[in-house]
Amino acid sequence: MTNNLTRRDWLVGTSAVAGSMMIANAASAQDMASMTNMGMPISKDNPIRMTNNENPYGINPKAMDVIIKAYKRAHIYNFRARRELTKVIADMENIPEECIAVGAGSSEYLVAAGTLCAVSGGDMVIPEITFGSITRSASALGSKIIQAPMNEDLSISLDSLRKAMTKNTKCVYICNPNNPVPSIVEKTALEQFCLEVSKQAMVVVDEAYYEYVRDDSYSTMAHLIKDNPNIIVLRTASKIHAFANVRIGFAFAHPDTMKKLMAFRSGTSSYPAIMGAVASYKDLDYQKFVIDKNYESLEILYKMFEELNMPYVKAHANFVFANAGRDASEVREKLLESGVLIGRQYAHSPNWIRISTAKPEETQYMVDVYKRDFG
Ligand SMILES: Cc1ncc(COP(=O)(O)O)c(C=O)c1O
């Protein structure tokens, strides 16, 4: 393994992964040139993005064609298109259309659910380490946010969520898989928890990374919403479908709950976004391709963690969480010098780094840079 890896070395395929990897490297050099910003080589200003859990392959080309064509009709409102997308999702998830709301990303419904909690005069319980969006509207409007400790392995503890609840708790948020720790909650225990807790409070299950999970102990909670007005399930097209800046997300909820949520949502999604989502959700092959590549990249990262003895959490999503044994901000800055941008530092775990997967060849580049700098 070289200690002097440069971007040029990587691009010409003569560095860390030499020999049999030469051909693969040449291909990846091509990829890198085409995928990065405006075809520019990677650099500090144009890094490989391993920071926001985006899909490195971008939008499905078939969906992209639809989006571009749909702009010709973007002067019209999109009610009928929204019904079409709703039907695609209803068939796929086996839930009634009236239990599905399309939004401009799932954030729209995280804000709405947080608002709903606050206006009902209640507190919110969340895991201590989780995705924070739902708390913003809730706390701004007066909800107390109670953080429940994690299990020792950093996974979500249902017991500690239960213990953290008070008689004033009106909402419990569970992100499954969680973020920034990509762990999952076992399906039977979670279902029981949802049914029990929903007698008192709204349970919001955020399934932003649902499509990536390959573990049999995992299941969506979408089947619970039909008969239970106190359970909301959220999904997004931002991750597997690469719609992060196209903006499509979903809330699954009982029609009575849907009415309440709709009062607080911010707006509508665009016609091109909706039609693109119809095409993207229907193309299972592309989704499988993205998932397979994700798991290839995860293996590359795990190998490095094992080699460097870095504790890490097994990932059920498109990112890893690992203990760098040093200040995460410093690691981030140093990697950026070589054109790799990883996730920000977290106050609760200042030595842990969250790394989103990139394409396998890009992930290998990151690993080579990391080993050179910190190995
Ligand atoms: C767990 C989780 N939920 C929701 C979101 C927001 O997704 P969207 O782009 O659909 O608003 C994210 C984005 O990173 C996320 O990680």
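Preceding this paragraph is the structure being described.
Residues numbered from 1 in each chain as written. Predicted model: local features only at pLDDT ≥ 70, side-chain atom pairs only at ≥ 80, totals over all residues. Heavy atoms only, no water.

Undergrad: What's the story with the overall build of the protein chain in this structure? I'm lost.
TA: Per the secondary structure count, the protein chain includes 13 helices and 12 strands. Buried residues in the protein chain amount to 57% of all 375 residues. Considering only intrachain contacts with a sequence separation of at least 6, the fraction spanning at least 24 residues in the protein chain is 72%. Surface exposure of the protein chain reaches about 16500 Å², of which carbon and sulfur atoms provide 51%. (Helix = DSSP H or I, 4+ residues; strand = E, 2+ residues; numbered from the N terminus. Buried < 20%, exposed > 50% of the residue type's maximum accessible area, 1.4 Å probe, protein only. Contact = heavy atoms within 4.5 Å. Areas by Shrake-Rupley, 256 points an atom, 1.4 Å probe, with all protein chains shown as cover.)

Undergrad: When you look at the sheet that holds strand β8 (residues 249–252) in this model, what are you seeing that I'm missing?
TA: If you trace the seven strands from one edge of the open sheet to the other, you get β2-β8-β7-β6-β5-β3-β4, paired in mixed fashion. Edge positions in the sheet fall to β2 (100–103) and β4 (145–148), since each of these pairs with one other strand and no more. Shown here is a sheet whose adjacent strand axes are inclined to one another by a mean of 20 degrees, direction ignored. In this structure, strand β7 (residues 231–236) lies alongside β8, joined through four bridges in antiparallel fashion. Within β8, the residue paired with L234 across the bridge is A251. (Pairing = 2+ DSSP bridges. Axes fitted to C-alpha atoms, helices over the stretch in contact; angles between N-to-C directions.)

Undergrad: Could you clarify how one ought to interpret the sheet that holds strand β9 (residues 312–313) in this entry?
TA: The strands making up a sheet are joined through hydrogen bonds of the backbone, oriented either antiparallel or parallel. Strand order in this open sheet of three strands is β9-β10-β12, and the pairing throughout is antiparallel. Among the strands making up the open sheet, the edge pair consists of β9 and β12 (352–356). Taken together, the two bridges between β9 and strand β10 (residues 319–323) define a ladder with antiparallel strand orientation. Following the sheet pairing, Y312 is matched in β10 by A322. Sheet contacts for helix α11 (residues 284–307): β9, β10 and β12; angle to β10, the most-contacted strand, approximately 5 degrees.

Undergrad: For this particular structure, what's the right way to read the packing of aromatic side chains?
TA: How two aromatic rings sit relative to each other is given by the distance of their centres and the angle of their planes. The final tally for this structure, using the stated rule, is 11 aromatic pairs. Centre to centre, the rings of Y209 and F319 are 5.1 Å apart; their planes meet at 70 degrees, and the pair counts as edge-to-face. One end of the pair, Y209, is in the loop between β6 (202–206) and β7; the other, F319, is in strand β10, with 110 residues separating them in the sequence. With respect to burial, Y209 and F319 carry one shared label: buried. Between Y210 and Y218, the ring centres sit 6.3 Å apart and the planes meet at 45 degrees, which makes this aromatic pair tilted. Overall, Y210 belongs to the partly exposed group, its relative accessible area being 25%. Every member of this aromatic cluster is reached through a ring pair, and the members are Y57, Y286 and F289. Here the basic side chain of R235 rests over the ring of Y210, its NZ or CZ set 3.6 Å away from the ring centre. One Lys or Arg, R354, reaches over the ring of F319 and ends 5.5 Å from the middle of that ring. (Phe/Tyr/Trp six-rings, centres within 6.5 Å; stacked < 30°, edge-to-face > 60°. Lys NZ or Arg CZ within 6 Å of the ring centre and 35° of its normal.)

Undergrad: Mind showing me how you'd approach the site of the ligand here?
TA: Inspection of the region around the ligand gives 14 residues, with S106, S107, D206, T236 and S238 positioned closest. A distance of 2.7 Å separates an oxygen atom of the ligand from a polar atom in the backbone of S106. Between D206 and the ligand, the recorded distance is 2.7 Å, taken from a side-chain N or O atom to a nitrogen atom. A molecule is said to occupy a pocket when more than half its atoms come within 2 Å of that pocket's grid points, and by this definition the ligand occupies the largest pocket. A breakdown of the residues in the shell around the ligand according to their chemical character gives five nonpolar, six polar and three charged. (Near = heavy atom within 4 Å. Polar contact = N/O pair within 3.5 Å; in protein donor to acceptor, adjacent residues only side chain to side chain. 1 Å grid on protein atoms, 1.4 Å probe; cavity = no way out; pocket = protein on both sides within 12 Å on 5 of 7 lines; lining within 4 Å. Sits in = over half its atoms within 2 Å of the grid points. Nonpolar A, V, L, I, M, F, W, Y, C, P; charged D, E, K, R; others polar.)

Undergrad: What exactly am I supposed to notice about the nonpolar core here?
TA: One recurring pattern in soluble globular proteins is that nonpolar side chains are buried together. Residues L85, I174, I248, F250 and F252 are the most contacted members of the largest nonpolar core, which totals 59 residues. Here this core takes eight residues from helix α10 (residues 271–282), the largest share from any one element. Viewed by domain, this core spans two of them, domain 1 (7–59 + 285–374) and domain 2 (77–282), each represented by three or more residues. Listed in part, the 38 residues of the second largest apolar core include Y286, I291, Y302 and I355. (Core = buried A, V, L, I, M, F, W, Y, C linked by side-chain atoms within 4.5 Å. Domains from an automatic or database assignment.)

Undergrad: Help me understand empty space enclosed by the protein in this model?
TA: Think of a ball as big as a water molecule: rolled over the atoms, this probe shows where empty space is left. Under the criterion given, the structure shown has one cavity of 30 Å³ or more. Roughly 40 Å³ of volume is contained in the largest cavity. Every residue lining the largest cavity is listed: P56, Y57, Y212, V290, K293, N294, N318, T357 and A358. Here the residues of the lining of the largest cavity are counted per class, giving five nonpolar, three polar and one charged. (Points joined across faces, edges and corners; volume = space filled by probe spheres on them.)

Undergrad: Hey, could you run me through the side chain of R82 in this one?
TA: Relative to the helices and strands, R82 resides in helix α4 (residues 79–93). Look at R82: it is buried, it has no salt bridge, and the nearest opposite charge is E108 at 8.4 Å. Residues in contact with R82, not counting those within four places in the same chain, are V102, R265, T268 and I274. (Lys, Arg positive; Asp, Glu negative; His and termini not counted. Salt bridge = Lys/Arg side-chain N within 4 Å of Asp/Glu carboxyl O.)

Undergrad: I tried to follow the environment of Q147 on my own but got confused; where do I start?
TA: Locating Q147 in the fold gives a position in strand β4. Taking relative accessible area as the criterion, Q147 reaches 48% and is therefore assigned partly exposed. Taking C-alpha positions, Q147 is 5.4 Å from P127, a pair spaced 20 residues apart along the chain. What Q147 contacts, discounting residues up to four positions off in sequence, is I126 and E128.

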